[in-house]
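Architecture and fold: a report
What follows is each chain in one-letter form.
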Amino acid sequence: MDSALNNLDAAGFLQIWQHFDADDNGYIEGKELDAFFRHMMTKLGPADNITEEKVQQLKTRFMSAYDVTADGRLQIQELANMILPEDENFLLIFRREAPLDNSVEFMKIWRKYDADSSGYISAAELKGFLHDLFKHHKKDVSSDKLDEYTDAMMNIFDKNKDGRLDLNDLARILALQENFLLQFKIDANSLEERRRDFEKIFAHYDVSKTGALEGPEVDGFVKDMMELVRPSISGSELDQFRVVLLRHCDINKDGKIQRNELALCLGVKP
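In short, a report on the structure. (Residues numbered from 1 in each chain as written. Predicted model: local features only at pLDDT ≥ 70, side-chain atom pairs only at ≥ 80, totals over all residues. Heavy atoms only, no water.)

As a further point, take the packing of helix α5 (residues 103–113) against helix α6 (residues 123–136). It is at 9 Å that the axes of α5 and α6 come closest, and there the two elements cross at 120 degrees. The orientation of α5 with respect to α6, classified from their angle, is oblique. Residues I109, K112 and Y113 of α5 form the contact with α6, whose own contacting residues are E125, G128, F129 and D132. Residue composition of the contact of α5 with α6, by class: three nonpolar, one polar and three charged. (Axes fitted to C-alpha atoms, helices over the stretch in contact; angles between N-to-C directions. Helix = DSSP H or I, 4+ residues; strand = E, 2+ residues; numbered from the N terminus. Parallel < 35°, antiparallel > 145°, perpendicular 65-115°, else oblique. Contact = heavy atoms within 4.5 Å. Nonpolar A, V, L, I, M, F, W, Y, C, P; charged D, E, K, R; others polar.)

Below is the structure:
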């Protein structure tokens with residue numbers, strides 16, 4: 001497939017991604033995936049030699065090599081790994097040995113790079129994020145290239161084209177995994193079930209293991225709680241929900257949510 005895509009750059013990759021992620025869900029899957037490999041077949045040889053069997057064979061071969069999550073669909077990082085040359089494959093730096101599976105860690109990043117506390121990541125703030133990320137990966141990038149990468153990332157992830165990224169946009173960039181709270185039954189009946197679930201929930205968000213949620217730990221919990229009822233929340237909305245939660249749950253007004261305070265808030269006897 002490499003020979004079919006010689007000299008592809010970040011801009012060309014962006015066009016391919018936006019074309020085949022037709023439903024804009026952050027993946028190429030199902031019929032989109034078949035269309036992508038059919039398109040690749042036309043680049044590899046005469047269109048009249050393309051059969052459905054050949055398309056499926058190509059799909060199977062490349063998915064087995066590049067679908068690292070083994071979920072039968074391509075994430076943007078996986079597709080970048082498949083078709084971008086090494087010097088243009090900047091998207092691969094977002095692949096992690098350990099996936100970002102905790103909203104607390106995500107909120108630490110959000111708070112750091114939303115430097116003006118506007119509730120959004122501006123292009124300048126995104127550039128700072130990319131600069132630090134390349135530095136962390138010991139990758140030298142020129143100023144012009146950093147500008148190009150920033151523009152490409154904004155084009156890919158800024159869905160409403162307002163020149164800034166919201167919480168959900170950054171979550172897609174960092175491949176934040178599914179909301180931790182989705183695994184729990186809201187209508188758990190027995191007290192034992194509720195207590196067991198509470199212990200798991202508190203331990204997950206109490207990353208610092210201090211016995212209290214504070215700072216980004218509160219942020220992460222609020223984000224996941226609100227997204228159970230509202231799939232998409234903005235940074236400013238999260239800040240509003242955070243104030244409400246602290247008002248109701250922070251009984252001793254120390255700016256933290258102690259274990260017993262959260263238990264009372266959730267209707268679980270500590």
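With that settled, the discussion passes to the pattern of salt bridges. The full count for this structure, using the stated rule, is 15 salt bridges. Between R111 and D219 there is a salt bridge; the shortest N-O distance is 2.9 Å. On the criterion of sequence distance, the pair formed by R111 in helix α5 and D219 in helix α10 (residues 216–227) is long-range, its members being 108 residues apart. The class for D219 is buried, based on a relative accessible area of 2%. Taking the shortest distance from any N to any O, the salt bridge between E227 and K223 comes out at 3.0 Å. (Salt bridge = Lys/Arg side-chain N within 4 Å of Asp/Glu carboxyl O. Buried < 20%, exposed > 50% of the residue type's maximum accessible area, 1.4 Å probe, protein only.)

We now examine the state of the cysteines. Tallying each qualifying case throughout the model produces one disulfide. With a sulfur-sulfur separation of 1.8 Å, C249 is cross-linked through a disulfide to C265. Handedness here is read from the sign of the S-S torsion; for C249 and C265, about -110 degrees, the answer is left-handed. Of the two residues, C249 is situated in helix α11 (residues 235–249) and C265 in helix α12 (residues 259–265); the sequence distance between them amounts to 16 residues. Judged by its relative accessible area of 34%, C265 is partly exposed. (Disulfide = S-S within 2.5 Å.)

The next point concerns the packing of helix α1 (residues 10–20) against helix α4 (residues 76–83). Their axes nearest at 11 Å, the elements α1 and α4 cross at an angle of 130 degrees. Taken together, the axis directions place α1 and α4 in an arrangement best described as oblique. Considering the relative orientation of α1 and α4, their crossing is right-handed. Mapping the contact onto sequence places F13, I16 and W17 in α1 and I76, L79, A80 and I83 in α4. (Left-handed = near helix turned anticlockwise from the far one by under 90°.)

With the rule as written, the count across this model stands at ten aromatic pairs. The interplanar angle of 85 degrees and the centroid separation of 5.6 Å between the aromatic rings of F20 and F36 together place this pair among those described as edge-to-face. Here F20, found in helix α1, pairs with F36, found in helix α2 (residues 31–44); they are 16 residues apart in sequence, far enough to count as distant. With a relative accessible area of 8%, F20 lands in the buried category. Consider the rings of F180 and Y205, whose centres lie 6.0 Å apart with planes at 85 degrees: the pair is edge-to-face. Residue F180 is located in the loop between α8 (167–173) and α9 (191–205), and its partner Y205 is located in helix α9; the two are separated by 25 residues in the primary sequence. (Phe/Tyr/Trp six-rings, centres within 6.5 Å; stacked < 30°, edge-to-face > 60°.)

Time to look at the environment of D114. By secondary structure assignment, the location of D114 is in the loop between α5 and β3 (121–122). Not counting the four nearest positions on each side in its chain, D114 is found in contact with G119, Y120, I121 and E125.

Right, let's talk about unusual backbone geometry for a bit. Backbone geometry at A70 places phi at a positive 50 degrees, although glycine is not the residue there. Relative to the elements of secondary structure, A70 occurs in the loop between α3 (52–66) and β2 (74–75). Classification of A70 by relative accessible area gives exposed; the value is 64%. Positive phi, normally seen in glycine, also occurs at K253, with a value near 55 degrees. Relative to the assigned elements, K253 resides in the loop between α11 and β6 (257–258).

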